[in-house]
Amino acid sequence: MACTDSDYAYLREVVMTQSANMIDPSRNSLFDSKLTPLARMAGASNLEDFVHLLRSDRPAHLHRAVAEAMTINETSFFRDVKPFDLLRETILPRLIEARRHQRSLRIWSAVSSTGQEAYSLAMMLAEHLPEIALWDVRVIGTDISRQVVEYARRGRYRRLEVNRGLPARMLLKHMTREGEEWEMSPRIRAMCEFECANLCGLLPKLPVFDLVLLRNVLLYFSQEDRSVVFRDVHQHMAPDGYLLLGNAEQAEESTNLFEVEFSANSYFYRPVF
Ligand SMILES: C[S@@+](CC[C@H](N)C(=O)[O-])C[C@H]1O[C@@H](n2cnc3c(N)ncnc32)[C@H](O)[C@@H]1O
């Protein structure tokens, strides 16, 4: 038997409550493709029975698993060229200059998915901060999905993944081949750490960040949840820090805690205090 509209509405509500992700009713088929394996693992014979189980027992771990399974984890190394040009040419030189006495940098890849964004930042820093060994650099990646956090922690990528966005020169310099996979070098891995965190829940203890990348997630949140996320991100930022959003994302309509700044056809945000 197929799910009813009411079943899909219930699944949308579970996802919204758990992760603040809004799923449009036109995308109901995503529930079928993404939740059927989870339903089987939970002992249900089909998605409809699984919804019944979710409704009747309200098992917290399964509600959370539903939200995690419904996340869109699309990412790649140096995803979108422009923001990384902006980082290389404008933001990192400014930050390096501003922190040259403390020799410390804290960077947050706030929805890190499988880790490529965090590792791209670490590789970029290794290339553009010659005395990096004398600096204390931490790139912290967080994501709601335990599965992608585990994947990021492994620091190993398939050929298809390294072929997306990672220049061959950087691949050979910062990764080594291990059978069918490529492994990040210990030097790059030592800069990066990954943790589970729900941006729309209680955040774990995090340091004050000099740079935050919050890319390609706001589009799934309501205006109200975006405002809350901006408020929390603002609280975790240094007064002279930098915030980068995804190409199609803006802060202006959701918050007045950040000010936009333009540079070479790109934009980024500075916190207002
Ligand atoms: C499209 S990926 C973006 C990855 C990377 N920032 C990029 O731009 O390539 C979106 C990520 O947001 C995560 N996500 C969705 N809702 C979240 C929430 N409420 N808290 C934390 N992470 C969330 C998903 O698990 C997914 O890995």
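Residues numbered from 1 in each chain as written. Predicted model: local features only at pLDDT ≥ 70, side-chain atom pairs only at ≥ 80, totals over all residues. Heavy atoms only, no water.

A.B. asks: How would you explain the site of the ligand if you had to name every residue and give the values?
C.D. replies: Surveying the vicinity of the ligand reveals 20 residues, the closest of which are T75, V111, D143, L199 and N216. For the ligand, whose free accessible area comes to 600 Å², the fraction covered by protein is 99%. Put simply, the ligand lies in the largest pocket. (Near = heavy atom within 4 Å. Areas by Shrake-Rupley, 256 points an atom, 1.4 Å probe, with all protein chains shown as cover. 1 Å grid on protein atoms, 1.4 Å probe; cavity = no way out; pocket = protein on both sides within 12 Å on 5 of 7 lines; lining within 4 Å. Sits in = over half its atoms within 2 Å of the grid points.)

A.B. asks: An account of the side chain of T142 is requested, with residue identities and associated values reported.
C.D. replies: Relative to the assigned elements, T142 resides in strand 2 (residues 136-143). Here the side chain of T142 touches A110 through a polar contact of 3.0 Å, landing on its backbone oxygen. Non-local contacts of T142, meaning those with residues more than four positions away in its chain, are made with W108, S109, A110, V111, S112, E195, A197 and L206. (Helix = DSSP H or I, 4+ residues; strand = E, 2+ residues; numbered from the N terminus. Polar contact = N/O pair within 3.5 Å; in protein donor to acceptor, adjacent residues only side chain to side chain. Contact = heavy atoms within 4.5 Å.)

A.B. asks: Explain the domain arrangement of the protein to me, using residue names and the numbers behind them.
C.D. replies: Domains assigned within the protein are domain 1 (5-69) and domain 2 (81-271). Contact with domain 1, which involves 8 residues of that partner, is made by 11 residues of domain 2. Interface area for domain 1 against domain 2, summed over the two sides, is near 830 Å², with a carbon-plus-sulfur share of 49%. Here E68 ties to R146 by a salt bridge, and the two come within 2.9 Å at their closest N and O atoms. Linking domain 1 with domain 2 are 3 residue pairs in polar contact (both at pLDDT 80 or more), by the criterion used here. At the level of elements, helix 1 (5-19) and helix 4 (60-69) are the ones that each hand at least two residues to the side of domain 1 that touches domain 2. With 3 residues, the single largest contributor to the side of domain 1 that touches domain 2 is helix 1. (Domains from an automatic or database assignment. Buried area = accessible area lost by both parts, 1.4 Å probe. Salt bridge = Lys/Arg side-chain N within 4 Å of Asp/Glu carboxyl O.)

A.B. asks: A description of the state of the cysteines should follow, citing residues and the corresponding values.
C.D. replies: Enumeration according to the criterion identifies 0 disulfides in this entry. Cysteine C192 shares no disulfide, and the gap to the nearest cysteine sulfur, in C196, comes to 16 Å. Judged by its relative accessible area of 11%, C192 is buried. There is no disulfide at C196, and the cysteine sulfur nearest it, in C200, is 15 Å away. (Disulfide = S-S within 2.5 Å. Buried < 20%, exposed > 50% of the residue type's maximum accessible area, 1.4 Å probe, protein only.)

A.B. asks: Lay out the layout of surface pockets with the relevant residues and their values.
C.D. replies: Space inside the largest pocket adds up to approximately 390 Å³. Considering the residues around the largest pocket, the lining is formed by 24 residues, among which I72, V111, D143, N216 and V217 are closest to the centre. Classifying every residue of the lining of the largest pocket by side-chain character gives 10 nonpolar, 8 polar and 6 charged. Lining the second largest pocket are 14 residues; nearest its centre among them are A65, E68, A69, S145 and Q147. Broken down by secondary-structure element, the contributors of at least two residues to the lining of the second largest pocket are helix 2 (28-41), helix 4 and helix 7 (146-154). Within the lining of the second largest pocket, the residues separate by chemical class into 7 nonpolar, 4 polar and 3 charged. Counting the residues that make up the lining of the second largest pocket, at least three belong to each of domain 1 (5-69) and domain 2 (81-271). (Points joined across faces, edges and corners; volume = space filled by probe spheres on them. Nonpolar A, V, L, I, M, F, W, Y, C, P; charged D, E, K, R; others polar.)

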